Amino acid sequence: MKVSVQKRQNLWLALLLLVLCSNLTLYRTDFGKSILETGPSSVALGSLIDLVIVAPILVLAWKREKSIKLFLLLSASGLVLSRILIPIEYLKPYVAITWVGIAVELGLLAIELLLLVTLVRYLPKIIKDTKNSSLPILFSFTNAVDRYVQKHQLIHIVCSEMLMFYYALASWRKKPTLNENTVTLHKNSSYIAFQVMLIHAVVIETLGIHWFIHEKSMILSIILLVLNFYTVIFFLADIRVVQLNPVLFTKEKMYISLGLMKRIEISWADIHEVITEQEELKQKLTKDTIDFLAKDFDEVTPNVILKLKQPTEATLALGLKKSYEKVAIKFDDLQRFIDAYNKYKS
């Protein structure tokens with residue numbers, strides 16, 4: 001009987017946690033200290049092998065990745081972790097090796113700082129290109145950044161945060177562009193009301209819990225206050241993104257987004273099949289499907305599913321990228337999409 005992919009991943013994750021927890025127990029409990037008395041240097045060497053070789057291999061197996069670059073990065077992180085986890089009296093014979101990991105991590109930090117400096121340097125050109133683009137800012141800003149700055153996850157995260165603050169604080173005078181080449185996803189749902197309800201819940205929680213915790217721990221109350229403030233900013237930005245960015249149809253592509261959490265560009269030529277049959281639409285969505293279904297108080301089902309000729313990359317929260325083979329959408333006006341598809345597909 002074949003073990004499913006999910007079960008295999010869970011197994012690798014369990015083994016990874018076992019390796020980490022066993023090493024933590026070894027150096028942070030009385031039971032572990034009794035074991036160390038038998039041969040501290042050999043035990044420390046075994047921990048180094050666990051953190052530098054075994055744990056990275058388990059992470060790669062869990063993530064289903066085959067990357068030497070990622071393995072080396074994880075190994076360097078394991079060396080840094082060993083300096084934190086293993087007491088220096090046990091690690092002394094191998095301390096020179098751990099400096100390699102620290103040097104690698106410092107080098108990566110320097111590269112990331114250089115990328116941020118590059119982003120700041122080219123920011124005026126990026127903003128100019130964004131303003132001159134006919135695409136929505138949600139798409140044009142990211143495309144402009146990719147033209148001037150090397151693609152990197154840190155840059156994606158920073159750009160995602162910049163977009164969030166822009167939409168939350170500087171977009172309230174703007175109005176959405178609604179014409180024959182756009183169609184909304186949220187007007188026939190309770191999406192906005194749902195988000196407003198969440199904002200109210202966060203504000204009430206902030207007022208109540210902040211003063212309660214403030215008497216017990218000022219630091220914890222400040223941390224919770226900052227996190228709740230960030231959450232409110234996020235929900236406000238999410239509302240504005242939904243309002244200002246209906247699905248856009250151009251001659252080459254359609255641009256779909258639903259808040260800050262997901263967006264995708266789909267070329268008309270990449271659409272293999274358009275599914276509108278109710279029986280297929282009501283089936284449970286598969287893992288290779290990204291959905292653009294506005295939240296509602298009732299269960300939401302798509303009114304169209306697009307099967308793509310090849311996996312297409314979507315942008316998720318914090319600028320993370322993931323490829324999908326199907327796209328499930330609930331348009332407020334399905335006929336407008338069908339007309340655009342028939343017009344531009346040929």
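Our subject is the structure that appears above.
1. Structural notes on the overall build of the protein chain
Check the secondary structure of the protein chain and you find twelve helices and eight strands. For the C-alpha atoms alone, the extent of the protein chain along its principal axes is close to 75 × 55 × 45 Å. Here the protein chain, with 346 residues, has 37% of them falling under the buried criterion. Considering only intrachain contacts with a sequence separation of at least 6, the fraction spanning at least 24 residues in the protein chain is 67%.

2. A closer look at helix α8 (residues 153–169)
For α8, spanning 17 residues, the distance from its first C-alpha to its last is 24 Å, which sits close to the expected 24 Å at 1.5 Å a residue. For α8, every residue scored as buried is listed here: Ile155, His156, Cys159, Ser160, Glu161, Leu163, Met164, Tyr167 and Ala168.

3. Thoughts on the environment of Ile209
Along the chain, Ile209 falls in helix α9 (residues 191–214). Judged by its relative accessible area of 33%, Ile209 falls in the partly exposed class. On a C-alpha basis, the gap between Ile209 and Leu224 in space is 8.7 Å, while along the polypeptide they are 15 residues apart.

4. Quick look at the pairing of strand β4 (residues 262–267)
Pairing of strand β3 (residues 253–257) with β4 involves five bridges; the strand directions are antiparallel. Within the sheet, the bridge partner assigned to Tyr255 lies in β4 and is Glu265. Where β3 folds back on β4, the antiparallel hairpin that results is connected by four residues, among which Gly259 adopts a positive phi of roughly 75°. Note: β4 against strand β7 (residues 304–316), three bridges, orientation antiparallel. Bridged to Lys262 within β7 is Leu316.

Scoring rules and cut-offs
- Residues numbered from 1 in each chain as written.
- Predicted model: local features only at pLDDT ≥ 70, side-chain atom pairs only at ≥ 80, totals over all residues.
- Heavy atoms only, no water.
- Helix = DSSP H or I, 4+ residues; strand = E, 2+ residues; numbered from the N terminus.
- Buried < 20%, exposed > 50% of the residue type's maximum accessible area, 1.4 Å probe, protein only.
- Contact = heavy atoms within 4.5 Å.
- Expected span 1.5 Å × (residues − 1).
- Pairing = 2+ DSSP bridges.

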